[in-house]
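Fold and geometry: a report
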Amino acid sequence: MIVKSLDHLNSISVKISKKLEKGDIIFLIGEIGVGKTTFTRHLINNLQKQKGLKETEVLSPTFNLLYEYDIKDLKIMHYDFYRINKADELDNLGIFSDRLNAIKVIEWPDLIKTPIKNKLEIHFEYGQNDNVRNIKFVGFEKWANLEYEI
(Lines give C-alpha, C1' and ligand atoms only; values in the text may rest on other atoms or scores of the structure.)
Protein backbone atom coordinates (compact mmCIF):
# COMPACT_ATOMS: atom_id res chain seq x y z
CA MET A 1 0.00 0.00 0.00
CA ILE A 2 1.29 3.45 -0.86
CA VAL A 3 0.75 6.11 1.81
CA LYS A 4 1.11 9.66 0.47
CA SER A 5 0.27 11.78 3.51
CA LEU A 6 0.03 11.90 7.29
CA ASP A 7 -3.75 12.08 6.93
CA HIS A 8 -3.71 8.79 5.02
CA LEU A 9 -1.48 7.22 7.70
CA ASN A 10 -3.90 8.51 10.33
CA SER A 11 -6.90 6.97 8.53
CA ILE A 12 -5.10 3.61 8.49
CA SER A 13 -4.44 3.90 12.23
CA VAL A 14 -8.15 4.66 12.83
CA LYS A 15 -9.18 1.44 11.08
CA ILE A 16 -6.62 -0.59 13.03
CA SER A 17 -7.54 1.06 16.35
CA LYS A 18 -11.17 0.02 15.94
CA LYS A 19 -10.16 -3.63 15.66
CA LEU A 20 -7.64 -3.65 18.55
CA GLU A 21 -8.36 -5.72 21.64
CA LYS A 22 -6.47 -6.59 24.79
CA GLY A 23 -3.78 -9.14 23.99
CA ASP A 24 -3.10 -7.89 20.46
CA ILE A 25 0.48 -7.21 19.43
CA ILE A 26 1.68 -4.94 16.65
CA PHE A 27 5.22 -5.21 15.30
CA LEU A 28 6.47 -2.08 13.53
CA ILE A 29 9.31 -2.85 11.13
CA GLY A 30 11.35 -0.39 9.09
CA GLU A 31 14.33 1.92 8.99
CA ILE A 32 14.92 4.85 11.32
CA GLY A 33 12.63 7.78 10.55
CA VAL A 34 10.27 5.87 8.27
CA GLY A 35 7.16 6.54 10.39
CA LYS A 36 6.87 3.83 13.06
CA THR A 37 6.49 6.26 15.97
CA THR A 38 4.30 8.59 13.92
CA PHE A 39 1.95 5.67 13.25
CA THR A 40 1.95 4.79 16.97
CA ARG A 41 1.17 8.41 17.88
CA HIS A 42 -1.85 8.37 15.56
CA LEU A 43 -2.97 4.98 16.89
CA ILE A 44 -2.79 5.99 20.56
CA ASN A 45 -4.36 9.41 19.97
CA ASN A 46 -7.21 7.81 18.00
CA LEU A 47 -7.86 5.35 20.82
CA GLN A 48 -7.90 8.26 23.27
CA LYS A 49 -10.43 10.14 21.10
CA GLN A 50 -12.61 7.04 20.77
CA LYS A 51 -12.70 6.74 24.58
CA GLY A 52 -13.49 10.46 25.06
CA LEU A 53 -10.07 11.33 26.45
CA LYS A 54 -7.72 14.19 25.73
CA GLU A 55 -4.90 13.34 23.33
CA THR A 56 -1.51 13.05 24.98
CA GLU A 57 1.98 13.44 23.62
CA VAL A 58 3.35 10.17 22.27
CA LEU A 59 7.14 10.00 22.11
CA SER A 60 9.55 7.38 20.89
CA PRO A 61 10.63 5.12 23.77
CA THR A 62 14.09 4.56 22.23
CA PHE A 63 15.94 5.50 25.43
CA ASN A 64 13.31 4.38 27.94
CA LEU A 65 12.45 1.13 26.09
CA LEU A 66 8.78 1.47 27.15
CA TYR A 67 6.05 4.06 27.52
CA GLU A 68 2.66 2.99 28.88
CA TYR A 69 -0.66 4.63 28.12
CA ASP A 70 -3.80 3.94 30.15
CA ILE A 71 -6.84 4.59 28.00
CA LYS A 72 -9.79 3.81 30.27
CA ASP A 73 -10.08 0.00 30.14
CA LEU A 74 -7.12 -0.38 27.74
CA LYS A 75 -3.44 -0.35 28.48
CA ILE A 76 -1.10 0.32 25.56
CA MET A 77 2.54 -0.64 26.01
CA HIS A 78 4.76 1.03 23.40
CA TYR A 79 8.19 -0.61 23.22
CA ASP A 80 11.26 0.33 21.20
CA PHE A 81 13.99 -2.32 21.07
CA TYR A 82 16.43 -0.41 18.86
CA ARG A 83 19.09 -0.45 21.59
CA ILE A 84 18.60 -4.13 22.55
CA ASN A 85 21.42 -6.28 21.19
CA LYS A 86 20.63 -9.80 22.43
CA ALA A 87 17.43 -11.81 22.66
CA ASP A 88 18.11 -12.78 26.28
CA GLU A 89 17.89 -9.08 27.22
CA LEU A 90 14.23 -9.22 26.19
CA ASP A 91 13.56 -12.10 28.59
CA ASN A 92 14.42 -9.83 31.51
CA LEU A 93 11.76 -7.31 30.45
CA GLY A 94 8.86 -9.75 30.89
CA ILE A 95 7.15 -8.49 27.76
CA PHE A 96 4.68 -11.33 27.50
CA SER A 97 3.98 -11.94 31.20
CA ASP A 98 0.76 -9.87 31.16
CA ARG A 99 -0.05 -10.51 27.53
CA LEU A 100 -3.81 -10.64 27.84
CA ASN A 101 -4.14 -7.38 29.76
CA ALA A 102 -2.51 -4.97 27.31
CA ILE A 103 -2.04 -4.06 23.69
CA LYS A 104 1.62 -4.06 22.79
CA VAL A 105 3.13 -1.96 20.02
CA ILE A 106 6.76 -2.92 19.42
CA GLU A 107 9.27 -1.06 17.28
CA TRP A 108 12.36 -3.05 16.22
CA PRO A 109 10.95 -6.49 17.18
CA ASP A 110 13.63 -8.47 15.29
CA LEU A 111 14.96 -10.29 18.36
CA ILE A 112 11.57 -11.59 19.52
CA LYS A 113 11.38 -15.34 18.92
CA THR A 114 8.26 -16.11 20.97
CA PRO A 115 5.41 -17.41 18.78
CA ILE A 116 2.54 -14.93 18.95
CA LYS A 117 -1.14 -15.18 18.07
CA ASN A 118 -3.14 -12.15 16.98
CA LYS A 119 -0.02 -10.36 15.79
CA LEU A 120 0.03 -7.67 13.15
CA GLU A 121 3.30 -6.81 11.46
CA ILE A 122 3.41 -3.45 9.70
CA HIS A 123 6.42 -3.06 7.40
CA PHE A 124 7.32 0.54 6.52
CA GLU A 125 9.60 1.49 3.63
CA TYR A 126 10.58 4.84 2.15
CA GLY A 127 8.78 5.69 -1.08
CA GLN A 128 10.07 7.47 -4.15
CA ASN A 129 9.88 10.91 -2.54
CA ASP A 130 10.09 12.29 1.00
CA ASN A 131 6.36 12.22 1.77
CA VAL A 132 5.57 8.75 0.44
CA ARG A 133 5.80 5.49 2.37
CA ASN A 134 5.15 1.94 1.26
CA ILE A 135 3.39 -0.10 3.91
CA LYS A 136 2.85 -3.84 3.91
CA PHE A 137 0.66 -5.68 6.41
CA VAL A 138 1.38 -9.23 7.54
CA GLY A 139 -1.33 -10.45 9.87
CA PHE A 140 -1.74 -13.57 11.95
CA GLU A 141 -4.97 -15.05 13.32
CA LYS A 142 -7.58 -12.26 13.49
CA TRP A 143 -5.30 -9.87 11.55
CA ALA A 144 -4.80 -12.24 8.60
CA ASN A 145 -7.01 -10.29 6.15
CA LEU A 146 -6.37 -6.73 7.32
CA GLU A 147 -4.95 -5.51 4.02
CA TYR A 148 -8.25 -6.28 2.32
CA GLU A 149 -10.16 -4.36 4.97
CA ILE A 150 -8.20 -1.12 4.66
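Look a little higher up for the structure.
Here is what the cut-offs are and how they apply
- Residue positions are given per chain, counting from 1 as you read along its sequence in written order.
- Note on the predicted model: pLDDT of at least 70 is required for a residue's local features to be given, and 80 or more for side-chain atom pairs to be given and counted; whole-chain, interface and lining totals, by contrast, use all residues.
- Side-chain numbers come from the whole structure's heavy atoms, not from hydrogens or water.
- Among the buried residues, those of types Ala, Val, Leu, Ile, Met, Phe, Trp, Tyr and Cys that are joined through side-chain atoms within 4.5 Å form a nonpolar core.
- Each residue is assigned to one of three classes by its accessible area relative to the maximum for its type, calculated with a 1.4 Å probe on protein chains only: buried under 20%, partly exposed between the two thresholds, exposed over 50%.
- Each helix is a run of DSSP H or I of at least 4 residues and each strand a run of E of at least 2, with the numbering of both proceeding from the N terminus.
- In this description, contact between two residues means that some pair of their heavy atoms is separated by no more than 4.5 Å.
- To estimate how far a helix should reach, multiply one less than its number of residues by 1.5 Å.
- The directions from the helix axis to the C-beta atoms form the arc being described.
- Strands are treated as partners if at least two bridges between them are detected by DSSP.

Before going further, it helps to spend a moment on the nonpolar core. Within soluble globular proteins, side chains that are nonpolar tend to cluster in buried spots. By size, the foremost hydrophobic cluster in this structure holds 26 residues, and its most contacted members are Ile16, Phe39 and Ile122. Where this core is concerned, the elements lending two or more residues are helix 1 (6–17), strand 2 (25–29), helix 2 (36–50), strand 3 (66–71), strand 4 (74–80), strand 5 (103–107), strand 6 (119–126) and strand 7 (133–139). Tallying contributions element by element places helix 2 first for this core, with four residues. Excluding residues that lie within four positions of it along the chain, phenylalanine 39 makes contacts with Leu9, Ile12, Ser13, Ile16, Leu28, Ile122 and Phe124.

A separate point is the environment of valine 34. Locating valine 34 in the fold gives a position in the loop between strand 2 and helix 2. For valine 34, a relative accessible area of 2% puts it in the buried group. The spatial distance from the C-alpha of valine 34 to the C-alpha of leucine 90 is 24 Å, given a sequence separation of 56 residues.

To continue, consider helix 1. Here helix 1 is 12 residues long and its end C-alpha atoms lie 16 Å apart, about the 16 Å a rise of 1.5 Å per residue gives. Within helix 1 the residues assigned to the buried category are Leu9, Ile12, Ser13, Ile16 and Ser17. What you see down the axis of helix 1 is that its buried residues fit within an arc of 135°, all on one side.

Moving on: the pairing of strand 7. In the sheet, strand 1 (residues 2–3) pairs with strand 7 via two bridges, with the strands oriented antiparallel. Note that in strand 7 the partner of valine 3 across the bridge is arginine 133. Of the pairings in the sheet, the one linking strand 6 to strand 7 comprises seven bridges and is antiparallel in character. Note that in strand 7 the partner of histidine 123 across the bridge is lysine 136. Linkage of strand 6 to strand 7, two consecutive antiparallel strands, is achieved through a turn of six residues.

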